[in-house]
Amino acid sequence: MGFLDKARQESSFSEASGGNYHYVVLQVTLKEKFLGTGSGNLTELEQVINRQAEKGYRLHTITTANGGSKGLGGGDRIQATMVFEKLE
């Protein structure tokens, strides 16, 4: 058994609903638009939610945390953590 196999058994590692899990936890980083206000990648968040819905999961919980400014031009980063629940 290799290191990754052991890590998968001992942690909350998930392959993002690649298996038959009851819950899946995913994170998406929302970046502020370069010009103006609001998030520049809400469509990415929407795609992640829809992809999980197609696999038979529903969004159970979403939380956000402010990641501060990074990179050229700054801009806030918001880390969205989502818990999806398998529909039976």
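In case you missed it, the structure is sitting above this.
Structure report, in brief. Position numbers for residues start from 1 in each chain and track the written sequence from start to end. Given that the model is predicted, a residue must reach a pLDDT of at least 70 before its local features are reported, and side-chain atom pairs must reach 80 or more before they are shown or counted; all residues, however, enter totals for whole chains, interfaces and linings. To obtain the side-chain values, all non-hydrogen atoms of the structure were used and water was disregarded.

When helices and strands are tallied, the protein chain shows two helices and three strands. The secondary structure listing takes helices from DSSP runs of H or I that are at least 4 residues long and strands from runs of E that are at least 2 residues long, numbered from the N terminus. Listing every helix and strand of the protein chain by position from the N terminus yields α-β-α-β-β. Only protein chains enter the accessibility calculation, which uses a 1.4 Å probe. A residue is then buried if its area is under 20% of the maximum for its type, exposed if over 50%, and partly exposed in between. Of all 88 residues assigned to the protein chain, the portion counted as buried reaches 19%. The contacts in the protein chain between residues at least 6 apart in sequence include a share of 56% that link residues at least 24 apart. For the protein chain, the accessible area works out to roughly 6,400 Å², and carbon and sulfur atoms hold 53% of it. The contact rule is simple, with two residues in contact once any of their heavy atoms fall within 4.5 Å. Using the Shrake-Rupley algorithm and a 1.4 Å probe, accessible areas are obtained, with residue cover drawn only from the displayed protein chains.

Among the nonpolar cores identified, the biggest contains nine residues, and these are Val24, Leu26, Val28, Leu30, Leu45, Val48, Tyr57, Met82 and Phe84. Elements that contribute at least two residues to this core include exactly β1 (23-31), α2 (42-54) and β3 (76-86). At four residues, β1 tops the list of elements feeding residues into this core. Other than its neighbours up to four places away in sequence, methionine 82 contacts Val24, Val25, Leu26, Val28, Leu45, Val48, Ile49, Leu59, Thr61 and Ile62. Among the buried residues, those of types Ala, Val, Leu, Ile, Met, Phe, Trp, Tyr and Cys that are joined through side-chain atoms within 4.5 Å form a nonpolar core.

Further remarks concern the environment of arginine 58. For arginine 58, the position within the fold is in strand β2 (residues 57-69). By relative accessible area, which is 41% here, arginine 58 ends up partly exposed. Once the C-alpha coordinates of arginine 58 and leucine 87 are considered, the two residues, 29 residues apart in sequence, prove to be 6.8 Å apart. Beyond its immediate stretch of four places on either side in the chain, arginine 58 contacts Val83, Phe84, Glu85 and Leu87. Here a polar contact means two N or O atoms within 3.5 Å. Within protein one must be a hydrogen donor candidate and the other an acceptor candidate, and residues neighboring in sequence count only if both atoms are side-chain atoms. Side chain to side chain, arginine 58 and glutamate 85 meet in a polar contact 2.6 Å long.

Looking now at the pairing of β1. Residues Val24, Leu26, Val28 and Leu30 line the buried face of β1, whereas the alternating positions Tyr23, Val25, Gln27, Thr29 and Lys31 sit on a face that is not buried. DSSP bridges decide pairing: two strands pair if at least two such bridges lie between them. For β1 and β3, the ladder comprises nine bridges, and the chain directions are antiparallel. Along β3, the bridge assignment pairs leucine 26 with methionine 82.

Secondary-structure assignment places threonine 81 in strand β3. Within the structure, the side chain of threonine 81 is placed 3.0 Å from the side chain of glutamine 27, a separation counted as a polar contact. Ignoring sequence-local partners within four residues, the contact set of threonine 81 consists of Val25, Leu26, Gln27, Thr61, Ile62 and Thr63.

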